[in-house]
Amino acid sequence: MTSVAAEFDHMEIQQQYSDGVNNRWDADDWDNENSSARLFERSRIKALADEREAVQKKTFTKWVNSHLSRVSCRITDLYMDLRDGRMLIKLLEVLSGERLPKPTKGRMRIHCLENVDKALQFLKEQRVHLENMGSHDIVDGNHRLTLGLIWTIILRFQIQDISVETEDNKEKKSAKDALLLWCQMKTAGYPNVNIHNFTTSWRDGMAFNALIHKHRPDLIDFDKLKKSNAHYNLQNAFNLAEQHLGLTKLLDPEDISVEHPDEKSIITYVVTYYHYFSKMKALKVEGKRIGKVLDNAIETEKMIEKYESLASDLLEWIEQTIIILNNRKFANSLVGVQQQLQAFNTYRTVEKPPKFTEKGNLEVLLFTIQSKMRANNQKVFTPREGKLISDINKAWERLEKAEHERELALRTELIRQEKLEQLARRFDRKAAMRETWLSENQRLVSQDNFGFDLQAVEAATKKHEAIETDIAAYEERVQAVVAVARELEAESYHDIKRITARKDNVIRLWEYLLELLKARRHRLELNLGLQRVFQEMLYIMDWMDEMKMLLLSQDYGKHLLGVEDLLQKHALVEADISIQADRVRNVNSNAQKFASDTDGYKPCDPQVIRDRVAHMEFCYQELNQLAAERRARLEESRRLWKLKLPLFHFNRKAHLAPWAELCVVVVLQDGQALMAEKPETEAMVKEKLTSLKVMWDDLESTTQTKAKCLFDANKAELFTQSCADLDKWLTGLDSQLQSDDFGKDLTSVNIMLKKQQMLESQVEVRQKEVEELQKQSQALSQEGKGSDEADGKRISVENKFQMLLAPLKMRRDNLMASREIHQFNRDVEDEILWVEERLPLATSTDHGHNLQTVQLLIKKNQTLQKEIQGHQPRYDDIFERSQQVLRAGSPTAEPIRLRLTELQALWERIRKETENRHSRLSEAHEAQQYYFDAAEAEAWMSEQELYMMSEEKAKDEQSSVAMLKKHQILEQAVEDYADAVHQLSSTSRGLVAAGHPDSERIGMRQSQVDKLYAGLKDLAEERRGKLDERFRLFQLNREVDDLEQWIAEREVVAGSHELGQDYEHVTMLQERFREFARDTGNIGQERVDGVNKLADELINTGHGDAATIAEWKDGLNEAWADLLELIDTRTQILAASYELHKFYHDAKEILHRILDKHKKLPEELGRDQNTVETLQRMHTTFEHDIQALGTQVRQLQEDAVRLQSAYAGDKADDIQKREGEVLEAWKNLLEAAEARRSKLLDTADKFRFFSMVRDLMLWMDDVIRLIEAQEKPRDVSSVELLMNNHQGIKAEIDARNDSFTSCIELGKALLARKHYAAEEIKEKLLQLTDKRKEMIDKWEDRWEWLRLVLEVHQFSRDAGVAEAWLLGQEPYLSSREMGQSVDEVEKLIKRHEAFEKSAATWEERFAALERLTTMELLEVRRRQEEEERKRQPAEAAEAAAQSREGEPVSQNGLPSDQESPRENVDEAVNGVSEPSPAGSPGAARKAKPSQAATLPAKSQQDGATSLLEAFLHRKHEWEGHNKKASNRSWHNVFCVINQQEMGFYKDQKSAAQGVPYHSEIPVSLKEALCEVALDYKKKKHVFKLKLTDGNEYLFQAKDDEEMNSWISAIVAAAGSRVEVTPSSHSTPAPAPRAQTLPATVAASTAESSPGKREKDKEKRFSLFSKKK
């Protein structure tokens, strides 16, 4: 049946059409042909409009549903479901994202109008222009305006915001043009795609595919599309958009593949593409931004971790380096310190700069981190304490300080070692010089050329003293060598043992020299002592000779005083002799020392000494004997003179007084000297001297007193005696002065001078006596006791005394002159001897045989020159004194002159010889210096050459590096030695150019040095090459060993059998091993390539150990290949373990999630519809959530199947067990979810049913009140108006038929599935059916009444019209006009024929007027029924009972009036029954009810029943003849076979609601092929379905029986056609013929639209025009 909304939509068109038909009936010039063309054109336009409207409706419905699906809502009929305004409000809320006013509850029209007004008001607020559209249009279901409203909404919310800015003119396009431009831009360049509109450009489907391919090229192979296959292109694009893009399939291919596609529908569908791809782009941009933020965050975190790691490593390196730098344990050698300094420089140039760069990078990294975090509005990262940049800077400062201190320490140590080396070289040089000097001096000191007299020995002593002086002065130099050695020892010189040994040698030589010197001095002192003893003996012998002369004197005194005087003198002589006795004894004892026969040095023959000692002893004995004899004679003489006067005694005493005084003075002087020399004897000496002085004073006073007395008594006698004594003394003095002996040599002269001094002293004493005699003479003269004789003696003594003074002075002068001459001769002789001694040294031709001897000879010559210069004053003094000596005119002048000439000649000769020797020695020194330097150079180069020629090979890399460094140092030394060689060459050229005597030898020596140096450089280069090869070999060996060790360490990890204890562990192991494998591959390959490259280079350069290198290379590559194989094996094992543990982990996690989901299932069912809907949405969300679990469970099953095939035994059982646990829990969860869903559905259906019943009950009450409140009509027009209004009520009732049907079906379904509220539902259902029956009965009664009233009024009107027509025709019939001509007659004939035709027509009308009206028929039937009831009451009751039992339930579920509604409510399956309006209000209507026109017949339902339906597992294998399906996963779908189609649904409910699975269209089974899938082995009970379009599906059934059933059903559907019988509606039996109306009136009343029926009736039966 056509819907009420469609009738409302076409009312205006039908009204216009009816008016046009009526006008045509009234027109006189009706053109039948023209009317048919217009009718065809209109019908064609209407058909196209209907077709376009149908497409738009379908498209807009899907579009609305695509948005309402967000709030779990859906519409089925666009016109009907939007009438109440609720869905419209929800749609606008979804599109706008805003909250609209809450819709008004209620189902009445006013409620609907209010809700639609809210929606329209919102659109107006959104500045949406709605022209000629009101809420009543939507409520009334106006098709055109409803579609216009949806299109307006689409324009506003989907298309309006589309804008594309062109590049040429920057013009803003309209939304439609912008969308078209966007499509053109996206499809530009695609073949067979030319979009210029939204209609025909899309028919072939290429444009849709191009749009999809532009954004998702992975979904479409565009090149394989053909423009001719439009249906496939469209289907492909729509399916891909729905399946992969999630775009609702708003259109079907047949909607587009037409001549004129609907533009709005295409725009609506294309807009979804635009928004999806725009959103995809926005999401992509947003994803990129989020990804960028996340990447920044991750990168920042990594940078923070990197900073922490680098900071820790840097700080640790700094601390370790500081510890190393603070170590002051240096190598105790220059080379070692240089190596340490080189290592330090390497640290500063190689190791430190990267760390400094790392430090700077840390600062930059921290700044970058902080900048990024600030840019991202994150909390700025601050390193923890200890890792701040300031901490790193402080640590770096400490490192710099330690480095500076280390450098200073190293520099200091290097300087110290260099100084030590220089000191050692200086020590060696000085030690060599000292050793040479000491050896020469040892030879010199070993010689004993002392001479044979005292002068020679004294000269030798002086010479020895000079040697001692030189040696003593040289002690400083020796001590300097010792000091250098001690300094080296104190500084811990590394070669201190050699230094100490050489120092000890120098000290040994020095000490030996000192011993030799000491021994020589001892020998010299012995000789000197012996000569002095001999000299002393000579002096004693001379003295004894003098004493003998005195003792042999015959003067024994002439008087007592003289005797006493002689005795006194003799006493003195005896005293001298006694004193000399000690001297003799000492001399003898000293001489005896030299005469001993002991071993040792003997300066002289002991016998000679003994002879001289014996001779002196004899002489001394003889002297003593002579002294005794003289004393005896003097004693005799004294006894003789004792008899004389006391005066004589007085004179004697007085004579002795001066001598006593002299002795006292001498004693006092000796005492003072003794106290000065020995202060400790001062007290004793002072005491003795004081006592002596007191005693002397007493003696003087006593003597003076006694002398005075004696003098006074015997002055004259004494005076005479004194004169005689003086005269005698003067006589003896004169004899001495007359001697011509002035000394034979200097010694005798000196003895004579000493005697002369004694005589002069005696003369001075005697002079005082002479003066005293003069005073005594004057005193005697005054006293008168003098005499001439005495006075004459006095004068004689005085004169004699004065005469002796001149000879005394002369003798002194002669002695002095003699001493001067002898001294001069002695000095001349000494100088001549000195010159002669040194002349051999000056004239020596020994110029030295080496540098040291030359230097020593030069130094000796310089010493000689200095000695000559030192003797120059003596030489000059001798010549000055020679003038005086030669001037004296002595007889020795000539010999002296000769000796002087000789001395002068010798002096000049020695001076010239020393100068010549100095020049010769200088030349020799230059040559020897060159030879020495050349020898040193040759020795150094020979030493280096020995090293260069050494076959020593390094044993390891360290020794190789050390040897290389040593060789580099030596090479540098060789290079630096070039200066020394050039200097030697320059020196040699200079010597040759100067004409050196050894020029030829020097030239040959220099050429030898040059050749040796050139050979040394060649050897150094050759040695360098060998060392480089050796070093590179060891370097390769180290690299190979390190790499093999590294590979071995990696093999330990790669060969590990640890597979992890659980998923996390194996994941950790796998990640670590993956990182390990990556690092191993990257680092190892690079290192292996490097080693191979190095090995190849060594082999290619012809290394001597090329075979060994190749062997190393092969072994390394094999080890590397083994490692890679181990890594690959370990990776596979870990992957397998990972899969197994992941399966365990996933099974455990899925099981836990399933159990958790199971626990979260609530028991609450809701209190009302809203809460139930909320719970349903929650449950739907829950089911949607567990769908992901389902995917995981299926994945787990697939993993279990795969793992079970890979494992066996316990592991396979364990896998199966865990899979079973998960599947069991999943099954329980699905059952629980299904149970809750069913229960929620039941609850929702219950509340929905109650709501529907309540709304329908309220609506029926309103309808009943409206039916009962209608007024009574007065004419046909008022009746028609009432009938139209009543028919509107009928239309509203019919419109509610679906609601009633849905409500009743819902109630019946709830009762059928044994709902838990079945009793309440049954009660509500009965109330509803009763109420509806009441409403329909009231409407039918009212309708029957209106029909009867209409017939009455129509009969009255028709009768009036017929009567008026008859009256109008009577004048024509009564006219007698027959025509005046043929034409007139023909016209009259035609007119009459027309009248006849009209009369024929009116005959039917008149016949109709004759029929009985319905009211009359009803009255007749009523009477008949009353009569029949009266006759057969029992039969009527029985017939009624039989009709209740045997009559089938009506299609709408309500029985006739005689049946009990409550008894038959369970049989009302197909909805509420509806009596036909064609029956009468009485028993005729109740006797035979008619079926409703709104529901299909039972036969139709039976014919549409599906052949087979059930759940199957489906897999889409092929989606074309040569194209695999994009998604070939197994899915559980609900399959339904209906006619020749097979549909797929999510579940049975979706199948009932007609919602396909993923919006898939049913597949056609026509000519399809179905068979068992024998080639598929992974699953059981699988059959294959091949369709004609190339699609191929696999289905899995539960067992073979179900599989065979499906195969049979599909084969049956594919091979037969199922005819579908259209629905047949019951037509009421024709009523008895009315007396005034034709039979077609009854049929017309069966139409659903009263207005249409009335218009048709007027069109057919109203032959007269209405009166105006």
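Not measured: the values here are computed from a predicted model.

Looking at the overall build of the protein
Stage number 1. When helices and strands are counted, the protein shows 42 helices and seven strands.
Stage number 2. Per-residue burial over the protein gives 41% buried out of 1668 residues.
Stage number 3. Sequence separation of at least 24 residues holds for 75% of the intrachain contacts in the protein that already meet a minimum separation of 6.
Stage number 4. Carbon and sulfur atoms form 52% of the exposed surface of the protein, whose accessible area is close to 93,300 Å².

Points about the confidence of the model for the protein
Stage number 1. Of all residues in the protein, 85% have pLDDT values of 70 or greater, and the mean over the chain is 77.
Stage number 2. Ignoring residues within four places in sequence, the model shows residues 1-34, a span with pLDDT below 50, making 30 contacts including any to other chains.

Observations regarding the pattern of salt bridges
Pairing between side chains becomes possible if they bear opposite charge and their charged atoms approach one another.
Stage number 1. One pass over the full model with this rule turns up 70 salt bridges.
Stage number 2. For arginine 109, the salt bridge goes to aspartate 140, with nearest N and O atoms at 2.5 Å. Separated by 31 residues along the polypeptide, arginine 109 in helix α5 (residues 109-125) and aspartate 140 in the loop between α6 (135-139) and α7 (143-159) bring together distant segments of the chain.
Stage number 3. On the basis of relative accessible area, arginine 109 is assigned to the partly exposed category, the value being 43%.

Describing the packing of helix α24 (residues 893-948) against helix α26 (residues 999-1054)
Stage number 1. Here α24 crosses α26 at 25°, and the two axes come no closer than 9 Å. The orientation of α24 relative to α26 falls into the category roughly parallel. Read as a crossing pair, α24 and α26 show a hand that is left-handed.

Comments concerning unusual backbone geometry
Stage number 1. A positive phi angle is found at asparagine 192, which is not glycine, with a value near 65°.
Stage number 2. The residue asparagine 192 is located in the loop between α8 (175-186) and α9 (206-215) in this model.
Stage number 3. Exposure remark for asparagine 192: the relative accessible area of 47% places this residue in the partly exposed category.

Brief notes about the sheet that holds strand β5 (residues 1569-1572)
Across a sheet, paired strands are connected by hydrogen bonds in the backbone, their directions being either parallel or antiparallel.
Stage number 1. Here seven strands make up an open sheet; going across it, the order is β4-β3-β2-β1-β7-β6-β5 and the pairing antiparallel. For this open sheet the edge positions go to β4 (1563-1564) and β5, each flanked by a neighbour on one side alone.
Stage number 2. Inspection of the sheet shows strand β2 (residues 1530-1538) paired to strand β3 (residues 1541-1545) by five bridges, in the antiparallel sense. In the strand pairing of β3, asparagine 1538 is matched with glutamate 1541.
Stage number 3. The strands touched by helix α40 (residues 1600-1615) within the sheet are β1 (1508-1519), β2, β3, β5 and β6 (1582-1586), with β1 carrying the most contacts at an inclination of about 75°.

A few points about the packing of helix α32 (residues 1297-1312) against helix α33 (residues 1318-1374)
Stage number 1. For the pair α32 and α33, the least separation of the axes is 9 Å and the interaxial angle reads 155°. As the angle between them shows, α32 and α33 are arranged roughly antiparallel. Where α32 crosses over α33, the two elements pack in a sense that is left-handed. In this structure, α32 uses Asn1297, Phe1300, Cys1303, Ile1304, Gly1307, Lys1308, Leu1310 and Leu1311 to contact α33, whose residues at the interface are Ala1318, Ile1321, Lys1322, Leu1325, Leu1328, Thr1329, Arg1332 and Met1335.

Remarks on the pairing of β1
Stage number 1. Note: β1 against β2, eight bridges, orientation antiparallel. Following the sheet pairing, histidine 1513 is matched in β2 by asparagine 1532.
Stage number 2. Two elements, β1 and strand β7 (residues 1591-1596), share six bridges in a ladder whose sense is antiparallel. Residue pairing in the sheet places tryptophan 1518 in a bridge with glutamate 1592 of β7.

Thoughts on a negative patch on the surface
Stage number 1. Side chains of Glu1111, Asp1114, Glu1118, Asp1122, Glu1125 and Asp1128 sit close together on the surface and give a patch of like negative charge.
Stage number 2. Mapped onto the elements of the fold, aspartate 1122 is located in helix α28 (residues 1106-1160).
Stage number 3. Residue aspartate 1122 is classed as partly exposed on the basis of its relative accessible area, which comes to 40%.

Digging into a nonpolar patch on the surface
Stage number 1. Nonpolar side chains collect at one region of the surface, where Ile290, Leu294 and Ile298 lie side by side and expose about 270 Å² of accessible area between them.
Stage number 2. As for its placement among the helices and strands, isoleucine 298 is situated in helix α12 (residues 263-325).

Digging into the environment of isoleucine 138
Stage number 1. Assignment of secondary structure puts isoleucine 138 in helix α6.
Stage number 2. The residues contacting isoleucine 138, other than those within four sequence positions of it, are Leu82, Arg83, Val116, Leu145, Thr146 and Leu149.

Here's the deal with the packing of aromatic side chains
Stage number 1. Applying the stated criterion across every chain yields a total of 37 aromatic pairs.
Stage number 2. Here phenylalanine 60 and tryptophan 151 contribute two aromatic rings whose centre-to-centre distance is 6.3 Å and whose plane-to-plane angle is 15°, an arrangement assigned as stacked. One end of the pair, phenylalanine 60, is in helix α2 (residues 32-68); the other, tryptophan 151, is in helix α7, and 91 residues separate them in sequence. As far as burial versus exposure is concerned, phenylalanine 60 and tryptophan 151 are alike and both buried.
Stage number 3. Pairwise contacts between aromatic rings join Phe198, Trp202, Phe208, Phe238, Tyr269, Tyr273, Tyr276 and Phe277 into one cluster.
Stage number 4. Over the ring of tyrosine 1144 we find arginine 1218, and its NZ or CZ is 4.0 Å from the ring centre.
Stage number 5. Here the guanidinium or amino end of arginine 1514 rests over the ring plane of phenylalanine 1544, the centre of that ring lying 4.7 Å away.

Considering the nonpolar core
Stage number 1. One finds Ile150, Ile153, Trp202 and Tyr273 to be the most contacted residues of the largest nonpolar core, which totals 77 residues.
Stage number 2. Residue contributions to this core peak at nine residues, all from α7.
Stage number 3. Setting aside residues no more than four positions away along its own chain, tyrosine 273 makes contact with Trp182, Phe208, Leu211, Ile212, Ala237, Phe238, Ala241 and Leu247.
Stage number 4. Core analysis: the second largest hydrophobic core is formed by 34 residues, Met1252, Val1279, Met1283 and Leu1328 among them.

Structural notes on the pairing of β3
Stage number 1. Judged by how many residues are buried, β3 sits mostly within the fold: four of five residues are covered.
Stage number 2. Turn length for the β2-β3 hairpin, with the two strands adjacent in sequence and antiparallel, is two residues, and the turn residue glutamine 1539 shows positive phi of about 55°.
Stage number 3. Judged from the two bridges that link them, β3 and β4 form a sheet pairing that is antiparallel. Bridging across to β4, glutamate 1541 finds its partner in serine 1564.

Reading guide: rules and limits
Residues numbered from 1 in each chain as written. Predicted model: local features only at pLDDT ≥ 70, side-chain atom pairs only at ≥ 80, totals over all residues. Heavy atoms only, no water. Helix = DSSP H or I, 4+ residues; strand = E, 2+ residues; numbered from the N terminus. Buried < 20%, exposed > 50% of the residue type's maximum accessible area, 1.4 Å probe, protein only. Contact = heavy atoms within 4.5 Å. Areas by Shrake-Rupley, 256 points an atom, 1.4 Å probe, with all protein chains shown as cover. pLDDT = per-residue confidence, 0-100. Salt bridge = Lys/Arg side-chain N within 4 Å of Asp/Glu carboxyl O. Axes fitted to C-alpha atoms, helices over the stretch in contact; angles between N-to-C directions. Parallel < 35°, antiparallel > 145°, perpendicular 65-115°, else oblique. Left-handed = near helix turned anticlockwise from the far one by under 90°. Pairing = 2+ DSSP bridges. Patch = residues over 30% accessible without salt bridge, like charges linked within 9 Å, V, L, I, M, F, W, Y side chains within 5 Å. Lys, Arg positive; Asp, Glu negative; His and termini not counted. Charge placed at Lys NZ, Arg CZ, Asp CG, Glu CD. Phe/Tyr/Trp six-rings, centres within 6.5 Å; stacked < 30°, edge-to-face > 60°. Lys NZ or Arg CZ within 6 Å of the ring centre and 35° of its normal. Core = buried A, V, L, I, M, F, W, Y, C linked by side-chain atoms within 4.5 Å.

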